Amino acid sequence: DQQVKQNSPSLSVQEGRISILNCDYTNSMFDYFLWYKKYPAEGPTFLISISSIKDKNEDGRFTVFLNKSAKHLSLHIVPSQPGDSAVYFCAAAVGGSQGNLIFGKGTKLSVKP
Amino acid sequence: EPEVTQTPSHQVTQMGQEVILRCVPISNHLYFYWYRQILGQKVEFLVSFYNNEISEKSEIFDDQFSVERPDGSNFTLKIRSTKLEDSAMYFCASSGVAGGAGGELFFGEGSRLTVL
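Residues numbered from 1 in each chain as written. Chains lettered and ligands numbered in written order. Predicted model: local features only at pLDDT ≥ 70, side-chain atom pairs only at ≥ 80, totals over all residues. Heavy atoms only, no water.

Caption draft 1: Structural view of the overall build of chain A. On a plain count of helices and strands, chain A comes out with zero helices and 11 strands. Going from the N terminus to the C terminus, chain A shows its helices and strands as β-β-β-β-β-β-β-β-β-β-β. Computed over its C-alpha atoms, the radius of gyration of chain A comes to 13 Å, within 12% of the 13 Å expected for a compact globule of 113 residues. Projected onto its principal axes, the C-alpha coordinates of chain A cover approximately 40 × 30 × 20 Å. (Helix = DSSP H or I, 4+ residues; strand = E, 2+ residues; numbered from the N terminus. Rg over C-alpha atoms; globule rule 2.2 N^0.38 Å.)

Shown next, in the form of structure tokens:
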């Protein structure tokens, strides 16, 4: 039961270019979406989030876009830096949830110098 | 920067043994969580805890699991009788507001449990 899907297990990008990580979901009850970054041997670190009432949220080099009709969100990183190399998880929550985040399987981003 | 700390970092146990994983959440946080990630699989929600009681739990969190906040700083996950399939990385998290309602969860580095 994959309510949150990240179909690309890996992505390789040149330093300075844009990284686009994609995420699809099936549950129309999700009303909050988050991106987490994870380095090896560390826990997930919150990156950016978006409420379902918005279609874009920006924080520095990171922008999340939400297309509710397509049940699709994406994370854009511009410009990409080698330190961005990590596994990126998309997560979603239903309104009223008490911290029950549904995670995707993750996309491993490699930014090459 | 405040952080969530977890102990032990790695525990190896025999099937059927009891295991307690410990977490110290960020000090002014009120909401606490346990997640797990089986190798190669997704991070999965186990339980959330607020005001000294479970606020939500997943199907994974059966009678073999329990959580406790024994004092003002620790938050523990107990697995009563471990099974091979309990082998996973267990992540503790905390938040200042209810997670999933705009509340960012802060995760610890995880405790790796290996059941032999």
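Having put the structure on the table, let's press on.
Caption draft 2: Geometry of the interface of chain B and chain A. Chain B puts 20 residues into the contact, and the matching count from chain A is 22 residues. Between chain B and chain A, the buried area comes to about 1800 Å², and carbon and sulfur atoms account for 57% of it. Here chain B and chain A share zero salt bridges between them. The interface formed by chain B and chain A contains six residue pairs in polar contact (both at pLDDT 80 or more). Breaking the side of chain B that touches chain A down by element, the ones donating at least two residues are strand S4 (31–37), strand S5 (43–50) and strand S6 (53–57) of chain B. Tallying contributions element by element places S4 of chain B first for the side of chain B that touches chain A, with four residues. Partitioning the side of chain B that touches chain A into residue classes produces nine nonpolar, seven polar and four charged. (Contact = heavy atoms within 4.5 Å. Buried area = accessible area lost by both parts, 1.4 Å probe. Salt bridge = Lys/Arg side-chain N within 4 Å of Asp/Glu carboxyl O. Polar contact = N/O pair within 3.5 Å; in protein donor to acceptor, adjacent residues only side chain to side chain. Nonpolar A, V, L, I, M, F, W, Y, C, P; charged D, E, K, R; others polar.)

Caption draft 3: Structural detail: the environment of Gln64 of chain B. Residue and element names in this part refer to chain B. The topology assignment puts Gln64 in the loop between S6 and strand S7 (65–68). For Gln64, a relative accessible area of 25% translates into the label partly exposed. Filtering out sequence-adjacent residues up to four positions away, Gln64 remains in contact with Lys78, Ile79, Arg80, Ser81 and Lys83. (Buried < 20%, exposed > 50% of the residue type's maximum accessible area, 1.4 Å probe, protein only.)

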